[in-house]
Amino acid sequence: MCNPRCMCERGRKSTAMSNPFAHIVEALDPNIPDHKFYNLSKLGDPRYDRLPFSIRVLLESAVRNCDGFLVKRSDVESILNWKQTQTQSVEVPFRPARVILQDFTGVPAVVDFAAMRDAVKKLGGDPEKINPVCPADLVIDHSIQVDFNRKSDSLQKNQDLEFDRNRERFEFLKWGSKAFQNMRIIPPGSGIVHQVNLEYLARVVFDQNGYYYPDSLVGTDSHTTMIDGLGVLGWGVGGIEAEAVMLGQPISMVLPEVIGYRLQGTPNKFITSTDIVLTVTKHLRQVGVVGKFVEFFGPGVAQLSIADRATIANMCPEYGATAAFFPVDHISLQYLEQTGRDSEKLDYITRYLKAVAMFRDYSNSSQDPDFTQVHELDLSTVVPCCSGPKRPQDRVAVSDMKTDFEACLAAKQGFKGFQVTPELYHVKVPFQYNDKEYSLSHGSVVIAAITSCTNTSNPSVMLGAGLLAKKAIEAGLSMKPYIKTSLSPGSGVVTYYLKESGVMDYLFQLGFEVVGYGCMTCIGNSGPLPEPVVEAITQGDLVAAGILSGNRNFEGRVHPNTRANYLASPPLVIAYAIAGTVRIDFDTEPIALNNEGKEVFLRDIWPTREEIQAVERQFVIPAMFKEVYEKIEKVNERWNALNAPSDKLYTWDPKSTYIKSPPFFDGLTKELQTPKSITNAYVLLNFGDSVTTDHISPAGNIARTSPAARYLTSRGLNPRDFNSYGSRRGNDAVMARGTFANIRLFNKFLNKQAPRTLHLPSDETLDVFDAAERYQQAGLPLMILAGKEYGSGSSRDWAAKGPFLLGIKAVLAESYERIHRSNLVGMGVIPLEYLAGDTADSLGLTGRERYTVVIPEPLTPRMIVDIKLDTGKTFQVRMRFDTDVELTYFHNGGILNYMIRKMSEN
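Every value quoted in this text rests on a predicted model; they were computed, and no experiment measured them.

J.: Which parts of the structure should I look at to understand the environment of Val90?
T.: Here Val90 is to be found in the loop between α4 (82–85) and β3 (91–94). Considering only alpha carbons, one finds Val90 and Ile79, 11 residues apart in sequence, at a separation of 9.0 Å. Residues in contact with Val90, not counting those within four places in the same chain, are Ser78, Thr85, Met253, Val254 and Leu255.

Laid out in structure tokens, this is it:
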């Protein structure tokens, strides 16, 4: 069965066929005739100039790769005709120029590739066909944790511990960089993947194999969209889908609607880019942009630096869009020059983008393309804000933080509620720390982290934090010593300009010493809190607060002991840390008393936009970027010293608890199996709305009483050596046991938060893994019931792999997050969706029923199927295989099985 989109031998031969658009190929510079491009302006089609700029990138890829087989002329026509086809669920192929990965998702990808080589060999094929044909960069940035802080040697100690914990993973990745072509590894300690992408990896325009074409990418991290701020079209995909792209498979995508987002006005002098992005996030969540592109335009865009635009693009997953695109303009070129790109590249980038009408002048409204809808934001209306306490889209104006938090204390348990009884609102729990007496109450800040790709790439907010720290120290302010403070820059460039501008010393005096280069607190690698703090929180059952400059604050993600977590700009992180609580109104209350007992208000020490810009102009210079990035792949001596085997097939170590050959391909044959109906399935878990991938497959610490901990203990490990779930993603035995192990998991069967469920046949309450194992031993299929936005959050392939290994055959939800649905498809798990107006409640579903999902033949995209209950009730749902390609993957048992079968053909 050869699907028309496959990259098989026939497909490779067909690429030699003449491209029907060869007549628009010409040299960009007549003096360099061997450097050509497809001049889309010569299509002579007036529809081209009306296309959104993001759709023009899709069109160029289709034109350049049109071979009548992988990409057809009809695909080009569908994209050109976007104004009509955008609402018709038209499927088109897209060949991104490259792929980017980070180590939490990169390790399982390399594990899959190694296992796929074994499987191809067993089926009689050439294992070396399993090799990236699309350039891939893997940045190691998710492994480092905040174990040490507030010390001058914290960075070195954290990096040493990172290597000690992850040596086996790092050796495996180094093997991958040797065994697979087109795979570059950026070693640990270099920075956060998206900032390294922005400052170093991004080409903007490729110059490869004699052709110029737009840079584009997909990545195995949902915040890959950050690169959209530079005018490079990119978005996050599941790790499984990215693996297929690396192996030469085009992405099959439904041509998206494009929402035009017009920016006008000028932000006031106290506003940061974080305030803007949190405002945009809330607005676009309300608009509803899931599965759509957002493209920014209007005169307000010119008021934003590339770092500001990248901040807005970074949080695209939080407002639900696929991409958040800022076409290239003169400010983009200035950024490329500032970050050390050479003048020759800048020249061909400019000439190429202008030749194909992809260069934007935001002040010229005649360039504005057609959009599906247009929404607007006046930047002058943006106010300082945070988001929380449990979701990034729940924006709270800083002026309302105190009243909002206190309302959350009283509200019913939910996204904006903790259900604290009134008599406990003002409880205080005393404790001793370093021989001094302190107390904690609801809202006390115990974690303050300047972290995450969202903000640490932006000099304006990082220097703003530094200037605030300087003014705070000069005003005689300090920070309580028990607060876990940390500064994890997105690249070495940030440290460079913080030091050169003189603000690093002030940050250090407040407690914000550099602790590492990586995601750290934002991904849940926040490390332990001081034991007296944990005891006080537990004793008082306190709603303690974390404040971080991150993009995710879902329950249980940042730290198990911080039930309230707020996203904020780096300066506001410092402000709330100094205050020591989120229960403060900065407008009417002093931030703190200084060392002389005098009141100091936040407005007294807050730097203006003009102050920050003056420092940025002076100290953020091209030489910094060149110095840092010239040595980025060689500077880590411990990485350089790692030994890795050079064999093309990986030799699996049965004693390893980090790297294990996964069982996904066990028993795989060349022949397809006909899909069968799911008969009499039990419901393993019964969820409400907004179950995140952090709930499904947590990345943080492994609890000592969990099934994963019991497994690791049985393998001879002590709790101090457990590391995190994220670091164990190369071992399916750990990850299956870690599936649904989040302590904040709310399961309707239990009506409380716990990583446990009801084993329905016995009516016993068990850990989720133990219940699933008992069902599997009895040969009983499983399902999940869920509400809206199932699988929101990080693009985590283990959130699909884990349920697959637990024996889950289908998920029935009201709606899905885009990447997670794709991951379920990639693993052969059926995503089912209630029909409009239906919910579990409206259908009277308790989850205790047994479910039969009728799978007819032939299957068609988005078809409606019957579900029959053992109660006699029947209702209909939509099967969310959205394209023919996804159905092909399903018939193969998943995308990787499909690729193995193709690569095993002669």
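Here the narrative resumes, following the displayed structure.
J.: What should I look at first to understand the packing of aromatic side chains in this one?
T.: Any pair of aromatic rings gets described here by the distance separating the centres and the angle formed by the planes. All told, the structure shown has 32 aromatic pairs when counted by the stated rule. Geometrically, the ring pair formed by Phe431 and Tyr482 is edge-to-face, given 5.2 Å between the ring centres and 80 degrees between the ring planes. Highlighted residues: Phe431 in strand β18 (residues 428–433) and Tyr482 in the loop between α16 (459–474) and β21 (484–487), separated in sequence by 51 residues. In textbook terms, an aromatic cluster arises when at least three aromatic residues are bridged by ring pairs, as seen for Phe113, Phe172, Trp175, Phe180, Tyr650 and Trp652. Above the ring of Phe53, the side-chain terminus of Arg56 is found at 4.1 Å from the ring centroid. For Lys801, the ring lying beneath its charged end belongs to Trp798, and the centroid distance is 5.5 Å.

J.: Explain the pattern of salt bridges here, please?
T.: Once the charged atoms of two side chains with opposite charge are near each other, the side chains can pair. Applying the stated rule across the entire model yields 49 salt bridges. With a closest N to O distance of 3.1 Å, Asp797 and Lys801 form a salt bridge. Judged by its relative accessible area of 1%, Asp797 is buried. For Lys801, a relative accessible area of 0% gives the class buried.

J.: Can you walk me through helix α31 (residues 884–891) in this structure?
T.: Counting buried residues along α31, seven of its eight residues qualify, which places the element largely inside the surrounding structure. Taken together, the buried positions of α31 are occupied by Val885, Glu886, Leu887, Thr888, Tyr889, Phe890 and His891. Close packing links the buried residues of α31 with β3, β11 (251–254), α30 (818–826), β33 (830–834) and α32 (895–903). Taken from the residues just after α31, Gly893 is the one with a positive phi, measuring 85 degrees.

J.: Looking at this structure, I do not really get the pairing of strand β31 (residues 782–785). What am I missing?
T.: A regular strand places its side chains so that they alternate between the two faces of the sheet. Neither face of β31 is open: one carries Leu782 and Ile784, the other Met783 and Leu785, and all of them are buried. Relative to β31, strand β26 (residues 678–686) runs parallel, the two sharing four bridges. In the strand pairing of β31, Tyr682 is matched with Leu782. Two elements, β31 and strand β32 (residues 808–813), share four bridges in a ladder whose sense is parallel. When the sheet's bridge partners are listed, Met783 is paired in β32 with Ala810.

J.: Explain the sheet that holds strand β6 (residues 183–186) to me, please; I cannot follow it from the model alone.
T.: Paired through backbone hydrogen bonds, the strands of a sheet run either parallel or antiparallel to each other. On the basis of which strands lie adjacent, the open sheet formed by five strands has the order β6-β5-β4-β9-β10 and parallel pairing. Where the open sheet ends on each side, the last strands, each with one partner, are β6 and β10 (233–236). Averaged over neighbouring strand pairs, the angle between their axes works out to 20 degrees when direction is ignored. Pairing geometry for strand β4 (residues 98–102) and strand β5 (residues 136–139), over four bridges, is parallel. Across the sheet, the residue bridging to Leu101 is Leu138, located in β5.

J.: Just to check I follow, could you spell out helix α20 (residues 570–579) for this structure?
T.: An α-helical segment advances 3.6 residues per turn. Residues three or four places apart therefore align on the same side. Counting buried positions along α20 gives 10 out of 10 residues, so the element sits mostly inside the fold. If you check which residues of α20 are buried, you get Pro570, Pro571, Leu572, Val573, Ile574, Ala575, Tyr576, Ala577, Ile578 and Ala579. Looking at the residues trailing α20, positive phi occurs at Gly580, about 80 degrees.

J.: What is the right way to look at the nonpolar core in this model?
T.: A general trend in soluble globular proteins is that nonpolar side chains are found buried together. Counting residues in each nonpolar core, the largest one holds 304 residues, and the members touching the most others are Phe512, Phe740, Tyr790 and Leu832. With 11 residues, the top contributor of residues to this core is helix α5 (residues 103–122). Leave out the neighbours within four places in its chain, and Phe512 touches Ala448, Ile450, Met479, Thr485, Ser486, Leu487, Leu507, Val573, Ile574 and Ala577. Grouped together as the second largest cluster of nonpolar side chains are 11 residues, Tyr711, Phe722, Tyr725 and Ala733 included.

J.: What is the right way to look at the environment of Gly828 in this model?
T.: Its place among the elements puts Gly828 in the loop between α30 and β33. On a C-alpha basis, the gap between Gly828 and Ala800 in space is 9.1 Å, while along the polypeptide they are 28 residues apart. Those residues in contact with Gly828 that sit more than four places away from it in its chain are Phe890, Gly893 and Gly894.

J.: What is the right way to look at unusual backbone geometry in this model?
T.: What is expected of a backbone is that most residues other than glycine have negative phi and most peptide bonds are trans. Cis geometry is found at the peptide bond from Gly388 to Pro389, where omega equals 10 degrees. Summarising the element assignment, Pro389 is placed in the loop between β16 (385–387) and β17 (395–397). Looking along the chain, the bond that leaves Glu857 and enters Pro858 is cis, with omega of -5 degrees. With respect to the secondary-structure elements, Pro858 resides in the loop between β34 (851–853) and β35 (864–869). At Asn751, a residue that is not glycine, the phi angle is positive and equals roughly 60 degrees. Summarising the element assignment, Asn751 is placed in the loop between β27 (746–747) and β28 (752–753).

J.: Hey, could you run me through the sheet that holds β26 in this one?
T.: In spatial order, the strands read β26-β31-β32-β33-β36-β35-β34; together these seven strands close into a barrel with mixed pairing. Sheet twist, expressed as the average angle between the axes of neighbouring strands with direction ignored, equals 40 degrees. Bridge count between β34 and β35: three bridges; the pairing is antiparallel. By the bridge assignment, Tyr851 is partnered in β35 with Leu869.

J.: Which parts of the structure should I look at to understand the environment of Asn19?
T.: Along the chain, Asn19 falls in the loop between α1 (9–14) and β1 (25–27). In this structure Asn19 comes out as buried when scored by relative accessible area, which is 13%. Between the C-alpha atom of Asn19 and that of Glu376, which follows or precedes it by 357 residues, the distance is 41 Å. A polar side-chain atom of Asn19 sits 3.2 Å from the main-chain carbonyl oxygen of Arg64. Of the polar contacts made by the side chain of Asn19, one reaches the backbone oxygen of Cys66; its length is 3.1 Å.

J.: What is the right way to read the confidence of the model for the protein from this model?
T.: Atomic detail in the predicted coordinates should be set aside for any region of low pLDDT. On average, the protein scores 93 in pLDDT, and the residues at 70 or more come to 98%. A low-confidence stretch, residues 1–16 stays under pLDDT 50, and its non-local contacts, those more than four residues away or across chains, total 41 contacts.

Criteria and cut-off values
- Residues numbered from 1 in each chain as written.
- Predicted model: local features only at pLDDT ≥ 70, side-chain atom pairs only at ≥ 80, totals over all residues.
- Heavy atoms only, no water.
- Helix = DSSP H or I, 4+ residues; strand = E, 2+ residues; numbered from the N terminus.
- Contact = heavy atoms within 4.5 Å.
- Phe/Tyr/Trp six-rings, centres within 6.5 Å; stacked < 30°, edge-to-face > 60°.
- Lys NZ or Arg CZ within 6 Å of the ring centre and 35° of its normal.
- Salt bridge = Lys/Arg side-chain N within 4 Å of Asp/Glu carboxyl O.
- Buried < 20%, exposed > 50% of the residue type's maximum accessible area, 1.4 Å probe, protein only.
- Pairing = 2+ DSSP bridges.
- Axes fitted to C-alpha atoms, helices over the stretch in contact; angles between N-to-C directions.
- Core = buried A, V, L, I, M, F, W, Y, C linked by side-chain atoms within 4.5 Å.
- Polar contact = N/O pair within 3.5 Å; in protein donor to acceptor, adjacent residues only side chain to side chain.
- pLDDT = per-residue confidence, 0-100.

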